[in-house]
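Tertiary structure, described
Take a look at the letters that make up each chain.
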Amino acid sequence: MSTVSAYAATSATEPLTKTTIERREPGRRDVAIDIKFAGICHSDIHTVKAEWGQPNYPIVPGHEIAGVVSAVGSEVTKYSVGDHVGVGCMVNSCGQCSSCTAGLEQYCKRGATFTYNSTDKDGTPTQGGYSQAIVVNENFVVRIPDSLPLDKAAPLLCAGITLFSPLRHWKAGEGTRLAIIGLGGLGHMGVKLGAAMGAEVSVLSQSLKKMEDGLRLGASNYYATSDPATFKKLRGSFDLILNTVSANLQLGDYLNLLDVDGTMVELGIPEHPMPVPAFALALARRSLSGSNIGGIAETQEMLDFCAARDVTPEIELIEPDYINEAYERVLASDVRYRFVIDISKL
Ligand SMILES: [Zn+2]
Ligand SMILES: [Zn+2]
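What you are looking at is a predicted structure, and each value in this text was computed from that prediction instead of being measured. (Residues numbered from 1 in each chain as written. Chains lettered and ligands numbered in written order. Predicted model: local features only at pLDDT ≥ 70, side-chain atom pairs only at ≥ 80, totals over all residues. Heavy atoms only, no water.)

Attention shifts here to the side chain of E314. Counting through the fold element by element, E314 comes out in the loop between α10 (296-309) and β16 (315-318). Of the polar contacts made by the side chain of E314, one reaches the side chain of K192; its length is 2.7 Å. When near neighbours in sequence (up to four residues on either side) are disregarded, E314 contacts H188, K192, R216, L217, R336, Y337 and R338. (Helix = DSSP H or I, 4+ residues; strand = E, 2+ residues; numbered from the N terminus. Polar contact = N/O pair within 3.5 Å; in protein donor to acceptor, adjacent residues only side chain to side chain. Contact = heavy atoms within 4.5 Å.)

Quick look at the sheet that holds strand β13 (residues 238-243) now. Sheets are built from strands that pair by backbone hydrogen bonding, the pairs being arranged parallel or antiparallel. With parallel pairing, the six strands of this open sheet are ordered in space as β12-β11-β10-β13-β14-β15. Two strands lie at the open edges of the sheet, namely β12 (221-224) and β15 (287-290), each paired on one side alone. Strand-to-strand, the axes of this sheet are offset by a mean angle of 20°, without reference to chain direction. Where strand β10 (residues 177-181) lies against strand β11 (residues 200-205), five bridges are found, and the strand directions are parallel. Bridge pairing in β11 links R177 to E200. (Pairing = 2+ DSSP bridges. Axes fitted to C-alpha atoms, helices over the stretch in contact; angles between N-to-C directions.)

What follows covers the coordination of the zinc ion (ligand 1). Taken together, C41 (SG), H63 (NE2) and C158 (SG) make up the full set of protein donors to the zinc ion (ligand 1), lying 2.0 to 2.2 Å away. Look at where the donors of the zinc ion (ligand 1) fall in the sequence and you get C-x21-H-x94-C. Placement of C41 in the loop between β3 (30-39) and α1 (42-48) and of C158 in the loop between α3 (150-153) and α4 (159-169) is noted, with a sequence separation of 117 residues between them. (Donors = N, O, S within 2.8 Å, 3.2 Å for Na, K, Ca; no water.)

Another aspect to go through is the packing of α4 against α10. Where α4 meets α10, the closest approach of the two axes is 10 Å, and the angle between their N-to-C directions is 100°. As the angle between them shows, α4 and α10 are arranged roughly perpendicular. Taking contact as the criterion, the partners of G160, I161, F164, S165 and R168 in α4 are, on α10, E298, T299, E301, M302 and F305. In terms of residue class, the contact of α4 with α10 is made up of four nonpolar, three polar and three charged. (Parallel < 35°, antiparallel > 145°, perpendicular 65-115°, else oblique. Nonpolar A, V, L, I, M, F, W, Y, C, P; charged D, E, K, R; others polar.)

Honestly, that's just the spatial picture; any functional story needs more than this.
Here it is, written out as structure tokens:
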């Protein structure tokens, strides 16, 4: 066991505080990682504030982890000391069900082991990336190509793959008329990745406040959803809509923006159910679906794609003692577009 510094939440209402946690010695198939950077994902906040159920406190959040391999177990073949690596939202899964064998570990039938607030195979609670080190089975570690700076690579491990996976699954590319709802941490990656894949990207945002950013990041069009004329004008205009917003929307208004056979995909997870108007689906054979992160092999493919195409998130680098303020700013949508914690300052 080794003791490492970390930032943990001890209740839904208290600020995160500095503490120490134990990390296991690397087993035969484990990789020990010195964490250099950890992104702040909105899920971290939902979880520590108990908005997605009662978590197991104390909890160290963080599932956008970038670091350097410090040790490997005796049977590890994929990684060596000094390699740049990442860990995303999962640290294990059953490895045997039809999802796992298809590279869809995120949909493991027995439930994947998530990077924090999950129970590890040894029965201990998993603790995430707001910490100096982590030990993970090599099959759940991905390689960060040398051309990607580690700080900017971190948010790719959740925000990046959350958008990359549906773009690939629904075959976004040349000729795809793609709309991204919301220009936040997830949405801005959707714009960049969609544009890099060759799609024509439109942003559907509440206001035109971030329009200049949206166009600079790769969007061709930018529309305000607060303006009812937007929904009239854009009726039937898109093949694929990715919804990154976790607030309830009038789904019918958005479904009607899809052309025949178009698909709308839910990525943000609102707390309450939304009514689905069947007319909007039936009258143009539209689909409504959802998607959750991506598999491990696909996460590697995403990192390689981002390195080759020079796609990186816009980040604001912070020191660990700023985490609580950063949370407030995420909740106020006051970040462009992802906070990344410099773990070397921990
Ligand atoms: Zn996340
Ligand atoms: Zn499985």
